[in-house]
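So you can see what is in the structure, the chains are spelled out below.
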Amino acid sequence: IRVHMQDRGLPVLGDSVYGPQVTAVNGALKRGGWDSDSIEIITKFKRQALHAKELYFEHPILKKDMTFSCDYPSDIKYIISALSK
């Protein structure tokens, strides 16, 4: 998922290998198109922003359809809200 998202120009936030790169330039953080508040939020996010809101599959033994859903974790809710402003 991570490498394919990066290849499409949609890197996963918090991915240190394939994610959006935030670099230090002359002691200041810089990333094209992001303001300093966004950069601060992004650099404080310490994990990959990946979450499966819903999973659906057929159980391999029972042959029964299985569905699991879960709301976004609070840290992802925060970053969505903060970066949507």
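Computed from a predicted model, the values in this text were never measured in an experiment.

1. As for the overall build of the protein chain
Secondary structure summary: the protein chain contains 3 helices and 4 strands in total. The order of α-helices and β-strands along the protein chain, N terminus first, is α-β-β-α-β-β-α. When burial is assessed residue by residue, the protein chain has 16% of its 85 residues classed as buried. Carbon together with sulfur atoms contributes 54% to the accessible area of the protein chain, which is approximately 6,700 Å² in total.

2. Observations concerning the pairing of strand β4 (residues 65–69)
Judged from the 5 bridges that link them, strand β3 (residues 54–58) and β4 form a sheet pairing that is antiparallel. Bridged to Leu55 within β4 is Phe68.

3. Focus on the pattern of salt bridges
Taken as a whole, this structure holds 5 salt bridges when the rule is applied. One salt bridge connects Arg47 with Asp75, and the closest N-O pair in it is separated by 2.7 Å. Of this pair, Arg47 sits in the loop between α2 (36–44) and β3 while Asp75 sits in helix α3 (residues 74–83), and the two are 28 residues apart along the sequence. Taking relative accessible area as the criterion, Asp75 reaches 28% and is therefore assigned partly exposed. Lys77 is the salt-bridge partner of Asp71, the closest N and O atoms lying 2.9 Å from each other. Among the charged side chains, a network of salt bridges with common partners joins Lys53, Asp71 and Lys77.

4. Section: the packing of α2 against α3
Interhelical geometry of α2 versus α3 gives an angle of 165° and a closest axis separation of 10 Å. By the angle between their axes, α2 is roughly antiparallel relative to α3. At the point where α2 passes α3, the crossing takes the left-handed sense. Taken together, the residues of α3 that come into contact with α2 (itself represented by Ser38, Ile41 and Ile42) are Tyr78, Ile79, Ala82 and Leu83. Residue composition of the contact of α2 with α3, by class: 6 nonpolar, 1 polar and no charged.

Cut-offs and rules
- Residues numbered from 1 in each chain as written.
- Predicted model: local features only at pLDDT ≥ 70, side-chain atom pairs only at ≥ 80, totals over all residues.
- Heavy atoms only, no water.
- Helix = DSSP H or I, 4+ residues; strand = E, 2+ residues; numbered from the N terminus.
- Buried < 20%, exposed > 50% of the residue type's maximum accessible area, 1.4 Å probe, protein only.
- Areas by Shrake-Rupley, 256 points an atom, 1.4 Å probe, with all protein chains shown as cover.
- Pairing = 2+ DSSP bridges.
- Salt bridge = Lys/Arg side-chain N within 4 Å of Asp/Glu carboxyl O.
- Axes fitted to C-alpha atoms, helices over the stretch in contact; angles between N-to-C directions.
- Parallel < 35°, antiparallel > 145°, perpendicular 65-115°, else oblique.
- Left-handed = near helix turned anticlockwise from the far one by under 90°.
- Contact = heavy atoms within 4.5 Å.
- Nonpolar A, V, L, I, M, F, W, Y, C, P; charged D, E, K, R; others polar.

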